[in-house]
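Per-entry structural report
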Amino acid sequence: YSGATAARSIASLPAAARRVILLGPSHRVRFAGAALPDPSVAAFASPTGAVALDLDVVRALRRAPAFRGPAAAHDGEHCLEVQLPLLQARMPQATLVPILVGVDTDAEEAAAIARSVASHLDAGTVVVVSSDFTHHGAAYGYQPFAVDGALPGRLLTLGRLTADRLAALDGAGFRQQVEVSGDTVCGVRPLVVLAEVLEHA
């Protein structure tokens, strides 16, 4: 649904990046904090080839209390994997640090995750968050607005208000905007983590 937007964003990243810290929301398993893949996983498969994990960083994060989420959350999850072909096309040599953020993650836990992530940032590392900004429509079982000629403009206005809070690095304001507006951003928690990373990096 958002491939063109994701491709445009990833195309702006440095092709020489050697590590991608990739965050996304857990769609199937409910938990608080962040989840890393099972310790037996050394790479993620993709139609365009395997992507090796940065095992040193994954092991270091695994020791942080905020990364207590279940490895099983990665089983059947899609939000990180859909970005891999785009990332491989842009930075084929980069390794991966795949992180799922649970829906029960509060502001304090998001800040703790961000501090751990920020400790691994350097000139060769990029942080990418996988998230859609709307799930409105019959296919999602969510239609709070009338389906009429005004709907596209209404959704665009709502999305811009939400995105503006994130662009201002206002993680709390972003989260509140989503809550009060009924916006359907699936990656609220990982995006709050990103705002924290950027605010303190």
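Summarised in this report is the structure supplied together with it.

Conventions we followed
Residues numbered from 1 in each chain as written. Predicted model: local features only at pLDDT ≥ 70, side-chain atom pairs only at ≥ 80, totals over all residues. Heavy atoms only, no water. Helix = DSSP H or I, 4+ residues; strand = E, 2+ residues; numbered from the N terminus. Rg over C-alpha atoms; globule rule 2.2 N^0.38 Å. Buried < 20%, exposed > 50% of the residue type's maximum accessible area, 1.4 Å probe, protein only. Contact = heavy atoms within 4.5 Å. Areas by Shrake-Rupley, 256 points an atom, 1.4 Å probe, with all protein chains shown as cover. Pairing = 2+ DSSP bridges. Salt bridge = Lys/Arg side-chain N within 4 Å of Asp/Glu carboxyl O.

Scanning the protein chain from N- to C-terminus turns up 7 helices and 6 strands. Across the protein chain, helices and strands are ordered from the amino to the carboxyl terminus as α-β-β-β-β-α-α-β-α-β-α-α-α. Relative to the globule expectation of 17 Å for 201 residues, the C-alpha radius of gyration of the protein chain, 17 Å, shows essentially globular dimensions. Over its C-alpha atoms, taken along the principal directions, the protein chain stretches across nearly 50 × 35 × 30 Å. Going through the 201 residues of the protein chain one by one, you find that 46% of them count as buried. For the protein chain, long-range pairs separated by at least 24 residues make up 80% of all intrachain contacts whose partners lie at least 6 apart in sequence. For the protein chain, the exposed surface amounts to about 9900 Å²; the carbon and sulfur share of it is 56%.

So, about the sheet that holds strand 2 (residues 34–35). Two strands in a sheet stick together by hydrogen bonds in their backbones, pointing the same way (parallel) or opposite ways (antiparallel). One open sheet accounts for 4 strands, arranged 2-5-1-6; its pairing is mixed. Whereas interior strands pair on both sides, the edge strands pair on one side only; in this sheet they are strand 2 and strand 6 (125–129).

The tally for this structure, following the rule as stated, stands at 8 salt bridges. Taking the shortest distance from any N to any O, the salt bridge between Asp56 and Arg59 comes out at 3.5 Å. You can see Asp56 and its partner Arg59 sitting in helix 2 (residues 55–62), 3 residues apart, about one turn around the helix. The shortest N-O distance in the salt bridge between Glu179 and Arg175 comes to 4.0 Å. With Glu179 and Arg175 both in helix 6 (residues 171–181) and 4 residues apart, the pair spans about one turn of that helix. Residue classification places Arg175 among the buried residues on the basis of a relative accessible area of 16%.

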